[in-house]
Amino acid sequence: MGLTIAQKIIREHLVSGEMTVGSDIGLKIDQTLTQDATGTMAYLEFEAMGVDRVKTEKSVAYIDHNTLQTGFENADDHRFIQSVAKKHGIWFSRPGNGICHQVHLERFGIPGKTLIGSDSHTPTGGGIGMLAIGAGGLDVAVAMGGGAYHINMPKMLRVNLTGRLPAWVSAKDVILKVLQVLTVKGGVGKIVEYAGEGVASLTVPERATITNMGAELGATTSIFPSDTVTRQFLAAQGREADWKPLSSDADAVYDEEITIDLSALEPMAACPHSPDNVKTVRELTGMKIDQVCIGSCTNSSYLDMMRVASILKGKTAADTVSLAIAPGSKQVYNMLAKNGALGDIIGAGARVLECACGPCIGMGQSPNSAGISLRTFNRNFEGRSGTADGQIFLVSPETAAASALTGVLTDPRTLGDEAAIPMPNAFLINDNMVIAPATPEDAKNVKILRGPNIKPFPTTTPLADSISAKALLKVGDNITTDHIMPAGAKILPYRSNIPYLSNFCFTVCDKEFPARAKEYGKGIIVGGQNYGQGSSREHAALVPLYLGIQAVLVKSFARIHCANLANAGILPLVFEAESDYDRIDEMDDLSLPQVRTELENAQPITVKNETKGFTFRAKAQLTNRQREMVLAGGLLNYTKQQNG
Ligand code: F3S
């Protein structure tokens, strides 16, 4: 039987397990990346493992999230990461060099390699034919130490692309269409593979826009073949030697298949507050807008920016619209500066932001109250923009730029002929903002710089024989990691300070939760479907751990968050009968009288609702290895145990 692209890469990197759907597999990891918001914690964890030097082929630490530096905290974190990187063999991408996924695609991504990153949009690397997966910081720390990365063998979903994109319709519209068809749960437990004649018409950055938002499908990752288009991109980056061809076998078997006819697509928009709440721009045309933000790891490539510049050239943003643009990398920014396109952007009245995540992570540019903001980003969860009642619509750069000029949502197809913007034969290459690690010899003298904002991560203890605690919080479906641990300019600087962060845990849903958790010292969270969707942020597990949360009992989990809970030593449980969810009220007393024995024996977990006097069963959503991990009190304890 033939293999899919992903199956080929998995087979080459398999260190444990069988490639049958659902079984635990361990993968050798070639490359890792971190960003600063999750990286500080990942490097504290790496240090705790006591490994001198990373064992991966390439590990890169990016600074792109917390770049505002309104106090000493961010600067201290950056210095800490820079010194850790230097000492332990990690490349360091300085603030200003760009967004991790954009820079990684340009300078480090290699077809056929495995990459895990402590950021949920790591699948951007699938655009260049990598098996690129978002993971928790602890997973990344273990991979840097030479350990395998474990997932359940995913199903394979083929997206067959036919036809060719019409003028003014772009890669963003493709992935919004896929989201409309598959929804935010449609990719869970699957790798999405793009195939078909339409693939060849998409450039690598366009493919990367599509794989980037595979994260919103809940997919393990998404991947494109590595073909002549990939080769040309790598050659233009001066890295042709990194290219190798990669395609699925003609007789590869997929578990599911859908077809998207590129020729039939039109500009799309994801409406508040979910990336799968997709309508055509045509349906929304004329809606008054207050703000336009262009950038993020989804849409900040050279091609995206050039298309925006060509729309804005010689025009002015509507006087009711705040237009902010952040190029994705120093390479992109510099090329725009040299070829004059930056002048067109500035001339139109755009507020040019630094090459960083910026408004995407709530670092500035929050819209006005109830403001309507068009963004080329990947997420439009409630409150993520920093304005609680902000209305965020996700659109393509073309739609965003056209609308910025008119002040209302505008279909870019009304602009007339689209200017052809070719991929450059050679990108502007200057890696002077990437600092190489010290040699092993020099590394001995590198001192780790630790500011007062760097606090140790919470300690964990092995799972107790029984758990007895209140249902401290009951939440509904689609709780995101932004609900659990909000982002934003006020909180992000404290990503290395769990005690401080704990004051904000779940405050989007329930302002009293942190105080209540501290009062009781222990608890269980009860939730609905798709709990923990969104980012890879392990703080959404570490902060509840700090607050004494012992188990999370839900209808279903998002993959990365479930793994992060297990890594933290919190027991992730799924109702056997979903109707039991309705029989639990917040503050009910729950007990799990034989939890340790049941988990050791891989049995269903008995849960008693002591308040209402009934018993039901839940399933621990864990692989065998994760079970050992939770019994040991989390991945760090487990890894130490394994290393003797
Ligand atoms: Fe940054 Fe937003 Fe991407 S926070 S990594 S630009 S999803």
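Cut-offs and rules
- Residues numbered from 1 in each chain as written.
- Predicted model: local features only at pLDDT ≥ 70, side-chain atom pairs only at ≥ 80, totals over all residues.
- Heavy atoms only, no water.
- Near = heavy atom within 4 Å.
- Nonpolar A, V, L, I, M, F, W, Y, C, P; charged D, E, K, R; others polar.
- Salt bridge = Lys/Arg side-chain N within 4 Å of Asp/Glu carboxyl O.
- Domains from an automatic or database assignment.
- Contact = heavy atoms within 4.5 Å.
- Buried area = accessible area lost by both parts, 1.4 Å probe.
- Pairing = 2+ DSSP bridges.
- Helix = DSSP H or I, 4+ residues; strand = E, 2+ residues; numbered from the N terminus.
- Axes fitted to C-alpha atoms, helices over the stretch in contact; angles between N-to-C directions.
- Phe/Tyr/Trp six-rings, centres within 6.5 Å; stacked < 30°, edge-to-face > 60°.
- Buried < 20%, exposed > 50% of the residue type's maximum accessible area, 1.4 Å probe, protein only.
- Parallel < 35°, antiparallel > 145°, perpendicular 65-115°, else oblique.
- Left-handed = near helix turned anticlockwise from the far one by under 90°.

### A look at the site of the ligand
Thought 1: Close contacts around the ligand come from His 65, His 101, Asp 119, His 121, Ser 296, Cys 297, Cys 357, Cys 360, Ile 361, Asn 378 and Arg 384, and that covers them all.
Thought 2: Each residue belonging to the shell around the ligand can be placed in one class, and the counts come to four nonpolar, five polar and two charged.

### Quick notes on the pattern of salt bridges
Thought 1: All chains considered together, the criterion is met by 29 salt bridges.
Thought 2: Between Lys 28 and Asp 30 there is a salt bridge, with its nearest N and O atoms 3.0 Å apart.
Thought 3: Several salt bridges share partner residues, and in doing so they unite Lys 28, Asp 30, Glu 57 and Lys 113 into one network.

### Describing the domain arrangement of the protein chain
Thought 1: Assigned domains of the protein chain: these are domain 1 (268-413) and domain 2 (467-637).
Thought 2: A C-alpha centroid distance of 36 Å is found between domain 1 and domain 2.
Thought 3: At the interface, six residues of domain 1 touch ten residues of domain 2.
Thought 4: Carbon and sulfur atoms supply 61% of the area buried between domain 1 and domain 2, which totals about 680 Å² over both sides.
Thought 5: Its largest share of buried area at the contact with domain 2, domain 1 owes to Ile 361, Met 363 and Phe 381, together 58% of the area lost on that side.
Thought 6: At the boundary of domain 1 and domain 2, one finds one salt bridge.
Thought 7: Here the residues of the side of domain 1 that touches domain 2 sort into three nonpolar, one polar and two charged.

### Quick word on the sheet that holds strand S12 (residues 256-261)
Thought 1: Sheet architecture is open: four strands sit in the order S11-S10-S9-S12, paired in parallel fashion. Each having just a single partner strand, strand S11 (221-223) and S12 make up the two edges of the open sheet. Each adjacent strand pair in this sheet contributes to an overall mean axis angle of 20 degrees, direction not counted.
Thought 2: Examined bridge by bridge, strand S10 (residues 190-195) and S11 share three bridges and lie parallel to one another. What sits directly across from Val 192, in S11, is Ser 222.
Thought 3: Running over the sheet, helix H1 (residues 5-13) touches strand S9 (155-162), S10 and S11 and is turned about 125 degrees from S10.

### Let's talk about the packing of aromatic side chains
Thought 1: Applying the stated criterion across every chain yields a total of ten aromatic pairs.
Thought 2: Their ring planes at 65 degrees and their centres at 5.5 Å tell us that Phe 233 and Phe 427 sit as a pair that is edge-to-face. A residue pair is termed long-range when its members are at least 10 positions apart, and Phe 233 in helix H8 (residues 228-236) and Phe 427 in the loop between helix H13 (397-406) and strand S20 (434-435) qualify at 194 residues.
Thought 3: Note on Phe 233: relative accessible area 3%, which makes it buried.

### A short note on the packing of helix H18 (residues 539-546) against helix H19 (residues 559-568)
Thought 1: Between H18 and H19, whose axes approach to 8 Å, the crossing angle comes to 40 degrees. Judged by the inter-axis angle, H18 sits oblique to H19. Crossing hand, H18 versus H19: right-handed. Two secondary-structure elements touch here, H18 through Ala 540, Ala 541, Leu 542 and Leu 545 and H19 through His 561, Asn 564, Leu 565 and Ala 568.
Thought 2: Partitioning the contact of H18 with H19 into residue classes produces six nonpolar, two polar and no charged.

### Quick look at unusual backbone geometry
Thought 1: Note the cis peptide between Pro 272 and His 273, where omega equals -5 degrees.
Thought 2: Looking at the secondary structure, you find His 273 in the loop between strand S13 (268-270) and strand S14 (278-280).
Thought 3: One non-glycine residue with positive phi stands out, namely Met 587, at about 75 degrees.
Thought 4: We classify Met 587 as partly exposed; its relative accessible area is 25%.

### Notes on the sheet that holds strand S24 (residues 571-575)
Sheets are built from strands that pair by backbone hydrogen bonding, the pairs being arranged parallel or antiparallel.
Thought 1: Strand order in this closed barrel of seven strands is S21-S22-S23-S24-S27-S26-S25, and the pairing throughout is mixed. Sheet twist, expressed as the mean angle between neighbouring strand axes with direction ignored, is 35 degrees.
Thought 2: Pairing of strand S21 (residues 467-474) with strand S22 (residues 523-526), which is carried by three bridges, proceeds in the parallel orientation. When the bridges of S22 are listed, Ala 471 appears paired with Ile 524.

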